[in-house]
Amino acid sequence: MKTSTTSIPSTEEFFASVADKSNAAESALRGDYRHADAQYVVQQDWDAYTPEQHARWRRLYQRQLQLVPGRACDEFIAGLTELDAADAIPHLEQASDTLFKATGWRLVAVPGLIPEHSFFEHLAHRRFPITVWLRDESEFDYIVEPDIFHDFFGHVPLLLNPVFADHMQEYGKGGLKAMGLNGLTQLARLYWYTIEFGLINSAQGLRAYGAGILSSGGEIEYCLSSPAPRRIRFEVERVMRTLYKIDSYQETYFVIDSFQQLLQDTAPDFTPLYAKLNGLPALPADSLLSGEINLPTS
Ligand code: PHE
Ligand code: FE
């Protein structure tokens, strides 16, 4: 289902564009892309993980697990429990079966970051790409590129929630559409401030649902209790105008009331919104506009 009229970048163009965005001296992506198929899918060679890697997974998992109560939303905790992945790096096919029974989503193994078009295609078909490699010990607390711990622990639990799962598919379809509308910058900001760094109100108080928060040892506490960042009611146009930080904790979090709200507020046709926002300057990540309320840290 290709709705985009943009030409699809070749693998060479993909690597070149990644190199452009990185200031590392040699900026090759770190995964092994040699055996990837046309959709960038690989086999997860589960037997190749070392005992050290499984042990590191357990330590990462246990650290996050004890931070999650009272900080992650209930839907995330329910999904995490059902996935039962504490003991070893998960077999993606097994987890995929659990997920498929819950919401009709599947997991596919990928070598690492993949081109936008392939990413959107997977989501639009209810497939979530999971990086196969695990971070090194030196990256235990902080990693730049997403690894299997971020992708699995951060993203998969909420894909067991039917409303969030539907939203994720709509996002994928919206991505394919945005490619033909010069809307990818705005759409990426939406992804960042919701799926990666979103907060949600609950009867018990503010909770995190973004994968970037929930897979982080530090930001999971910071986002809820630090007085430094802004916490602002979620509003699509405001989010799409807002720049974001990729190498520090967020300066602003946007707060939804429910996943139903996320699904509904992102349902309208974004075509006129992209046109409008492409003519406006973006807002700095630490903006608080007049009339906006910086929500208290419950
Ligand atoms: N409604 C958006 C559009 O028309 C698509 C979309 C849905 C984007 C959900 C993001 C999330 O382009
Ligand atoms: Fe992510």
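Before any of the text, the structure's been laid out above.
Summary of the structure given here. (Residues numbered from 1 in each chain as written. Chains lettered and ligands numbered in written order. Predicted model: local features only at pLDDT ≥ 70, side-chain atom pairs only at ≥ 80, totals over all residues.)

Another aspect to go through is the environment of Thr-98. Position of Thr-98 among the secondary structure elements: in helix α4 (residues 92-103). Separated by 14 residues in sequence, Thr-98 and Gly-112 place their C-alpha atoms 23 Å apart. Sequence-distant contacts of Thr-98, defined by excluding residues within four places in its chain, comprise Glu-82 and Leu-83. (Helix = DSSP H or I, 4+ residues; strand = E, 2+ residues; numbered from the N terminus. Contact = placed C-beta atoms within 7 Å.)

Moving on, we come to helix α5 (residues 116-124). Here α5 lies mainly inside the structure; seven of its nine residues are buried. Those residues of α5 lying buried are Glu-116, Phe-119, Phe-120, Glu-121, His-122, Leu-123 and Ala-124. In the core, the buried residues of α5 are packed alongside β1 (106-110), β2 (127-131), α7 (162-179) and α8 (184-196). Count one or two residues on from α5 and you reach Arg-126, which has phi positive near 55 degrees. (Buried ≥ 20, exposed ≤ 12 C-beta atoms within 10 Å, placed from the backbone.)

Turning next to the pairing of strand β6 (residues 252-256). Successive side chains on a regular strand alternate, one facing one side of the sheet and the next facing the other. Here two bridges tie strand β3 (residues 199-202) to β6, and the two strands are oriented parallel to one another. When the bridges of β6 are listed, Ile-200 appears paired with Ile-256. Of the strand pairs in this sheet, strand β5 (residues 230-233) and β6 are connected by four bridges, and their pairing is parallel. Following the sheet pairing, Arg-231 is matched in β6 by Tyr-253. (Pairing = 2+ DSSP bridges.)

The next thing to look at is the nonpolar core. The nonpolar side chains of soluble globular proteins are, as a tendency, buried together. Counting residues in each nonpolar core, the largest one holds 69 residues, and the members touching the most others are Ile-130, Leu-159 and Ala-208. Leaving out residues up to four positions away in the same chain, Ala-208 has contacts with Arg-71, Ala-72, Cys-73, Leu-199, Ile-213, Leu-214, Ile-220, Cys-223 and Leu-224. (Core = buried A, V, L, I, M, F, W, Y, C linked by C-beta atoms within 7 Å.)

Pairing between the strands of a sheet is mediated by backbone hydrogen bonds and can be parallel or antiparallel. What the four strands build is an open sheet, ordered β4-β3-β6-β5; its pairing is mixed. The sheet terminates laterally at β4 (205-208) and β5, the two strands that pair on one side only. Mean inter-strand twist for the sheet, computed between neighbouring axes without regard to direction, equals 35 degrees. Pairing of β3 with β4 involves four bridges; the strand directions are antiparallel. By the bridge assignment for β4, Ile-200 is matched with Arg-207. (Axes fitted to C-alpha atoms, helices over the stretch in contact; angles between N-to-C directions.)

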